[in-house]
Amino acid sequence: MAAAAAAAAPRTLLCSHQKLIISSIYSTTTSKITHPFLHRIKNSAFFSSIRCVHQLQSDPQTQTHGRHPNVVDILERRGFLESITSDNLRSLASSNEKTLKVYCGFDPTAESLHLGNLLGIIVLSWFLRCGHQAVALIGGATARVGDPSGKSIERPELDIDTLEKNILGISKTFSTIFGSSNVVILNNYDWWKDFSFLDFLKQVGRFARIGTMIAKESVKKRLESEQGLSFTEFSYQLLQGYDFLYLFQNKGVNVQIGGSDQWGNITAGTELIRKILQPDSDNEAYGLTFPLLLKSDGSKFGKSEDGAIWLSPSMLSPYKFYQYFFSVPDADVIRFLRILTFLDLEEIDELEKDMKRPGYVPNTAQRRLAEEVTRFVHGEDGLNEAVKATEALRPGAETKLDWKTIEAIAEDVPSCSLAYDQVLNVSLVDLSVSAGLFESKSAARRLLKQGGVYLNNNRVDSESKRIEPQDIVDDKVLLLSAGKKNKVVVRIA
């Protein structure tokens, strides 16, 4: 999935450029069926998968003479490991005799994944880089219920059209990020849609213990709240647990990963597998969680003043995505470089040392963070778009603006549409007020005298400046700026 990151950074290479095959295949299993309800699993409906036609190629950074590099140790060194269900996972992670197959679930509660979901994608990518296999599971079924983990109230119910739209949007994001890497993408609705409630109670529910389910942290918090917890949400952990069991039995998946708030749901799966399938000690199921990403002040990383940091360019432009990481405080940037990028730890340590040395150029580390994460999520083209817009839109920059560059940021800054005769030959002071850049002409004149007013990134020194035909970029737009951050795009209607 992360081949989009490969173009300009060999260290982030997950797979060589290969053609994707999108196919529909039927569930099969070569394992011996040891319980009656597993016959139902074996004959479940088809699911969609996206695979790479060639095997994943090893990354030089993670090669270790004849055995798998230990992905658990790598995650731990980078501050990306919260808990594992058994230390046996650490041993298996470096074994050359067994390849792990790991999955992470993503409920389509919105049309795009967000920054919190990116952590799961990065962990999947680390497993890939270390020679293991990965599955990205879209929760087309579980999203109809809603995970209560980390929520104070029940999630709103999604209609079928919205769910399908969300699933399509998330699938596009996976295709962009994972590209041609050797990852399988599944939808759990494919095995849930024909599973009746009575069958679920008989085949799964009787193995669950209410005491254990109530003891889960996410359940306890909701039970103690005024909102309480519905039976629907209470059952969610069994649905996710069954997903793990299904994938373990049918696809050979033996590791589930998730954020620390998913520990209860993950262990629900390992318990179901232990009770129902009774695998031997050499074929256990494991869980691994990573910490939620917090800023140094304890607040959650991944939110902006405008809401979530989305991964889809249709909901958040690569430019604005880049800017979010570029503005990370110095106190957080090194830790985020370790967690959110695939840079060598030695290189990150050197950046940390540089930050303390005389002559350090401010935001150098932030720029590297923004470049690496934007490339991983939006590909080389998305990064180029973001960097070009960032440089071109810097007041005083020598880069000549064009219509496409201005339009690339039009959704991220205030804009207005004015008729041609409302712009041409109009004084810049009047236009900046009518466009909303300033509240008054006096405020515009005051900043203009201080050298803080820009037209298409060029400083304007004269109060008498009027808009000329050559000021209108490609006869379509103008960019007005007050200082470095306040901008308005004026479209010619």
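A brief report on the enclosed structure follows.

Some details on the overall build of the protein chain
Consideration 1: Helix and strand content of the protein chain: 19 helices and 15 strands.
Consideration 2: For the protein chain, the proportion of its 493 residues judged to be buried stands at 53%.
Consideration 3: The long-range share in the protein chain, meaning contacts at least 24 apart out of those at least 6 apart in sequence, stands at 76%.

Comments concerning the pattern of salt bridges
Close approach of charged atoms allows side chains of opposite charge to pair.
Consideration 1: The final tally for this structure, using the stated rule, is 19 salt bridges.
Consideration 2: When the shortest N-O distance is used, the salt bridge between E111 and K165 registers 3.7 Å. Of this pair, E111 sits in the loop between strand 4 (101-106) and helix 4 (115-129) while K165 sits in helix 5 (residues 160-178); the two residues are 54 residues apart in sequence, bridging distant segments of the chain.
Consideration 3: Here R274 ties to E271 by a salt bridge, and the two come within 2.7 Å at their closest N and O atoms. Placement of the pair is R274 and E271 together in helix 12 (residues 263-277), with a separation of three residues, close to one helical turn.
Consideration 4: Residue classification places R274 among the partly exposed residues on the basis of a relative accessible area of 46%.
Consideration 5: Of the residues examined, E271 reaches a relative accessible area of 31% and is grouped as partly exposed.

Overview of the nonpolar core
Consideration 1: Ranked by internal contacts, the top residues of the largest apolar core, which has 75 residues, are I121, F174, I257, F325 and L340.
Consideration 2: Top contributing element to this core by residue count: helix 4, with ten residues.
Consideration 3: With near-sequence residues (within four places) excluded, F325 lies in contact with L115, F301, L340, Q366, L369, A370 and V373.
Consideration 4: Core analysis: the second largest hydrophobic core is formed by 33 residues, V204, V219, L239 and L247 among them.

Quick notes on helix 16 (residues 364-392)
Consideration 1: Its 29 residues place the ends of helix 16 only 18 Å apart at the C-alpha level, less than the 42 Å of an ideal helix rising 1.5 Å per residue.
Consideration 2: The largest bend in helix 16 is about 125°, located at H378.

Examining helix 14 (residues 330-340)
Consideration 1: When helix 14 is considered as a whole, its buried residues turn out to be D332, V333, I334, F336, L337, I339 and L340.
Consideration 2: Contacts from the buried residues of helix 14 go to helix 4, helix 13 (318-326), helix 15 (345-355) and helix 16.

Comments concerning the sheet that holds strand 11 (residues 415-418)
Consideration 1: Taken in spatial order, the five strands of this open sheet run 11-15-14-12-13, and their pairing is mixed. At either end of the open sheet lies a strand with only one pairing partner, and these are strand 11 and strand 13 (458-459).
Consideration 2: The pairing of strand 12 (residues 453-455) with strand 13 spans two bridges and is classified as antiparallel. Opposite Y454, over in strand 13, you have R459 as the bridge partner.

Details of empty space enclosed by the protein
Consideration 1: Summed over the entire model, instances satisfying the criterion amount to three cavities of 30 Å³ or more.
Consideration 2: Computed from the structure, the largest cavity encloses a volume of approximately 130 Å³.
Consideration 3: If you trace the largest cavity, you find it lined by F207, A208, R209, T212, M213, K216, Q237, L238, A268, E271, L272 and K275.
Consideration 4: In terms of residues, the lining of the largest cavity owes the most to one element, helix 12, which gives four residues.
Consideration 5: Partitioning the lining of the largest cavity into residue classes produces six nonpolar, two polar and four charged.

Quick notes on the rules
- Residues numbered from 1 in each chain as written.
- Predicted model: local features only at pLDDT ≥ 70, side-chain atom pairs only at ≥ 80, totals over all residues.
- Heavy atoms only, no water.
- Helix = DSSP H or I, 4+ residues; strand = E, 2+ residues; numbered from the N terminus.
- Buried < 20%, exposed > 50% of the residue type's maximum accessible area, 1.4 Å probe, protein only.
- Contact = heavy atoms within 4.5 Å.
- Salt bridge = Lys/Arg side-chain N within 4 Å of Asp/Glu carboxyl O.
- Core = buried A, V, L, I, M, F, W, Y, C linked by side-chain atoms within 4.5 Å.
- Expected span 1.5 Å × (residues − 1).
- Bend = angle between axes of the 7 residues up to and from the residue.
- Pairing = 2+ DSSP bridges.
- 1 Å grid on protein atoms, 1.4 Å probe; cavity = no way out; pocket = protein on both sides within 12 Å on 5 of 7 lines; lining within 4 Å.
- Points joined across faces, edges and corners; volume = space filled by probe spheres on them.
- Nonpolar A, V, L, I, M, F, W, Y, C, P; charged D, E, K, R; others polar.

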